[in-house]
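Each chain, letter by letter, is given below.
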Amino acid sequence: MTTTLDSRPQTLAWKLLRLQRRCFRVPLLLRKARLRWWLVYGPARCGTTLMHQLIAGHARINVGDWGLRHCLQHPMDRPGVTFDRRRFDRDVSRNVLVNAPPGGGRAIDVAFKQANLHWDEYQALVRLWGEPERKIFCYRDPASFMASAVKKFPDTPREDLQERNYIGTIERLSRIGGDAFEYRDGLSLDDYERLLQPLGLPANPPEFRYTGHEAPDLVTDAMWKSYESLK
């Protein structure tokens, strides 16, 4: 069983450490015009959580799957309506930075992960913090993706998993960009260490063993085509 940064025992010492980090790290980050942040995205069930966890071990704070897309957007421009967009951005950024849990280091400011990241959400994050220092796109072959996705999200229509989650998110890679990393059988922490240079692995990385299964009967030709475009 993997222990994440947010599942550590909430002892009094840990709570005091978290409070201490917040008192020092947040004022520092709020004074910066541009943050040093790394972005992890990709379809769900494609290893984004592990990737984010490894990066968060080097970050002052970490944000994982907060679903910020809609609250990051400015209202539409309309005649006679005034709205302080710069203040809105500052308020949203402060809200995130103050409330996000601490990471495990100080090499970068923020480790940010959002599965199924949309283009407008990415644009809003860049508006808040500047371009990310590193972008990593996690993906896996569609047969193992579908086997995992239908088990994790049994109430989600299969067409939605196939088209919006898998194909749609892969298509956004061409706009958002980043290093594509395949979550697959045979992976080891050495592969992650090479990818994450110059950060490398955190001091106490979790144990890792890929345990995926396949469901090729649930895969469409369009999904295979998207996958092959990455290969």
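Residues numbered from 1 in each chain as written. Predicted model: local features only at pLDDT ≥ 70, side-chain atom pairs only at ≥ 80, totals over all residues. Heavy atoms only, no water.

On to the overall build of the protein, then. When helices and strands are tallied, the protein shows eight helices and five strands. Beginning at the N terminus, the succession of helices and strands in the protein can be written as α-β-α-β-α-β-α-β-α-α-β-α-α. Relative to a compact globule of 231 residues, whose C-alpha radius of gyration would be 17 Å, the protein shows 19 Å and is just as compact. The dimensions of the protein, computed from C-alpha atoms along their principal axes, are 55 × 50 × 35 Å. With 231 residues in all, the protein has 49% of them scored as buried. Residue pairs in contact within the protein that sit at least 24 positions apart in sequence constitute 83% of those at least 6 positions apart. By element, 49% of the accessible surface of the protein is carried by carbon and sulfur atoms, the whole surface being about 12800 Å². Between the averaged position of the 36 positive side-chain charges in the protein and that of its 28 negative side-chain charges there is a distance of 10 Å. (Helix = DSSP H or I, 4+ residues; strand = E, 2+ residues; numbered from the N terminus. Rg over C-alpha atoms; globule rule 2.2 N^0.38 Å. Buried < 20%, exposed > 50% of the residue type's maximum accessible area, 1.4 Å probe, protein only. Contact = heavy atoms within 4.5 Å. Areas by Shrake-Rupley, 256 points an atom, 1.4 Å probe, with all protein chains shown as cover. Lys, Arg positive; Asp, Glu negative; His and termini not counted. Charge placed at Lys NZ, Arg CZ, Asp CG, Glu CD.)

For the structure on display, the rule yields 14 aromatic pairs. On the numbers, 5.5 Å between centres and 75° between planes, the contact of W37 with W129 is edge-to-face. Of this pair, W37 sits in strand β1 (residues 37-42) while W129 sits in helix α4 (residues 119-129), and the two are 92 residues apart along the sequence. We note that W37, like W129, is buried. Taking the centre distance of 5.1 Å and the plane angle of 70° together, the rings of Y183 and Y210 count as edge-to-face. You can see Y183 sitting in the loop between β5 (179-182) and α7 (189-195) and its partner Y210 sitting in the loop between α7 and α8 (221-230), a full 27 residues away along the chain. (Phe/Tyr/Trp six-rings, centres within 6.5 Å; stacked < 30°, edge-to-face > 60°.)

Let us look at the side chain of Q162. Note that Q162 resides in helix α6 (residues 158-176). With a relative accessible area of 10%, Q162 lands in the buried category. Excluding residues that lie within four positions of it along the chain, Q162 makes contacts with M146, I167, L218, T220 and M223.

Attention now goes to the packing of α6 against α8. Where α6 contacts α8, the axes come no closer than 10 Å and their chain directions differ by 25°. It follows from the interaxial angle that α6 and α8 lie roughly parallel. The two elements α6 and α8 cross, and the hand of that crossing is left-handed. Contact with α6, carried on its side by Q162, Y166, I167, I170 and L173, involves A222, M223, S226, Y227 and L230 of α8 and no other residues of that element. Here the contact of α6 with α8 is composed, by residue class, of eight nonpolar, two polar and no charged. (Axes fitted to C-alpha atoms, helices over the stretch in contact; angles between N-to-C directions. Parallel < 35°, antiparallel > 145°, perpendicular 65-115°, else oblique. Left-handed = near helix turned anticlockwise from the far one by under 90°. Nonpolar A, V, L, I, M, F, W, Y, C, P; charged D, E, K, R; others polar.)

The subject of this paragraph is the packing of helix α3 (residues 85-99) against α4. At a minimum axis separation of 10 Å, α3 and α4 run at an interaxial angle of 90°. It follows from the interaxial angle that α3 and α4 lie roughly perpendicular. Residues D89, V92, S93, V96 and L97 of α3 lie in contact with α4, whose contacting residues are R127, L128 and W129. Considering only residue class, the contact of α3 with α4 consists of five nonpolar, one polar and two charged.

Moving on, we come to helix α2 (residues 48-56). Counting buried positions over the nine residues of α2 gives eight, a clear majority of the element. T48, L50, M51, H52, Q53, L54, I55 and A56 are the residues of α2 that are buried. Packed against the buried residues of α2 are β1, β2 (59-64), β3 (108-115), β4 (134-139), β5 and α7.

As for its position among the elements, W119 is in helix α4. Residue W119 is classed as partly exposed on the basis of its relative accessible area of 24%. Distance in space between the C-alpha atoms of W119 and L195 is 24 Å, their sequence separation being 76 residues. Beyond its immediate chain neighbours, meaning those up to four positions away, W119 contacts R172, R175 and I176.

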